[in-house]
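Close look at the chain arrangement
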Amino acid sequence: MAGLARPRIIGILLLGLLAIGEPPHARAEDRVGELTATLAASKNERERINAATSLARMDDKAALRPLVVALQDPSPTVRGIAAVGLGKLHHKAAAPALR
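Residues numbered from 1 in each chain as written. Predicted model: local features only at pLDDT ≥ 70, side-chain atom pairs only at ≥ 80, totals over all residues. Heavy atoms only, no water.

**Quick look at the nonpolar core**
- Ranked by internal contacts, the top residues of the largest apolar core, which has 19 residues, are Leu39, Leu55, Leu67, Val78 and Leu86.
- Every element with two or more residues in this core is listed here: helix 2 (24-41), helix 3 (45-57), helix 4 (64-70) and helix 5 (76-89).
- Ignoring anything within four residues of it in the chain, the contact list for leucine 39 reads Arg48, Ala51, Ala52, Leu55, Pro66, Ala70, Asp73 and Val78. (Core = buried A, V, L, I, M, F, W, Y, C linked by side-chain atoms within 4.5 Å. Buried < 20%, exposed > 50% of the residue type's maximum accessible area, 1.4 Å probe, protein only. Helix = DSSP H or I, 4+ residues; strand = E, 2+ residues; numbered from the N terminus. Contact = heavy atoms within 4.5 Å.)

**Some words on helix 3**
- Taking 1.5 Å as the rise per residue, helix 3 with 13 residues should run 18 Å; its terminal C-alpha atoms sit 18 Å apart, in good agreement.
- Restricting attention to buried positions, one finds in helix 3 the residues Arg48, Ile49, Ala51, Ala52, Leu55 and Ala56. The buried side chains of helix 3 occupy one side of the element, clustering within an arc of 165 degrees when seen end-on. In helix 3, the exposed positions that point more than 90 degrees away from the buried face belong to Arg46 and Arg57.
- One side-chain oxygen of the residue at the start of helix 3 lies 2.8 Å from the amide nitrogen of arginine 46, identifying that residue as asparagine 44. (Expected span 1.5 Å × (residues − 1). Arc of directions from axis to C-beta. Polar contact = N/O pair within 3.5 Å; in protein donor to acceptor, adjacent residues only side chain to side chain.)

**Re the side chain of aspartate 73**
- Tracing the backbone through its elements, the reader meets aspartate 73 in the loop between helix 4 and helix 5.
- A polar atom in the side chain of aspartate 73 sits 2.8 Å from the backbone nitrogen of serine 75.

**Structural notes on the environment of threonine 53**
- Of note, threonine 53 is situated in helix 3.
- Each C-alpha atom, one on threonine 53 and one on glycine 85, is 7.8 Å from the other, the two residues being 32 residues apart in sequence.
- For threonine 53, the side chain forms a polar contact with the main-chain oxygen of isoleucine 49, separated by 2.8 Å.

**Description of the packing of helix 3 against helix 5**
- Between helix 3 and helix 5, the shortest axis-to-axis distance is 8 Å and the interhelical angle comes to 5 degrees. Our classification of the angle between helix 3 and helix 5 gives roughly parallel. Of helix 5, the residues touching helix 3 (which contributes Glu45, Arg48, Ile49, Ala52, Thr53, Ala56 and Arg57) are Thr77, Val78, Ile81, Gly85 and Lys88. (Axes fitted to C-alpha atoms, helices over the stretch in contact; angles between N-to-C directions. Parallel < 35°, antiparallel > 145°, perpendicular 65-115°, else oblique.)

Put into structure tokens, the structure is as follows:
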């Protein structure tokens, strides 16, 4: 009986790992890519505002570059959100863009 328990436990653990999916950093990178594309391509101001807001809330260095680019957005709201997001990152590379 003990011999059957081990393969069953291993099978349950493997199913659990499959259910977890990708590691969180991979999902975050994908999300940054999606949001960056929205900021760059969307003609809809509301979509760009939502993308900039999501990037600003990420607290991830990967959001730095798209937020710097968003400082050039035609929408003052998007530019403001990008500036706040860059300030929240506290990354020295954002300082020149905020001057």
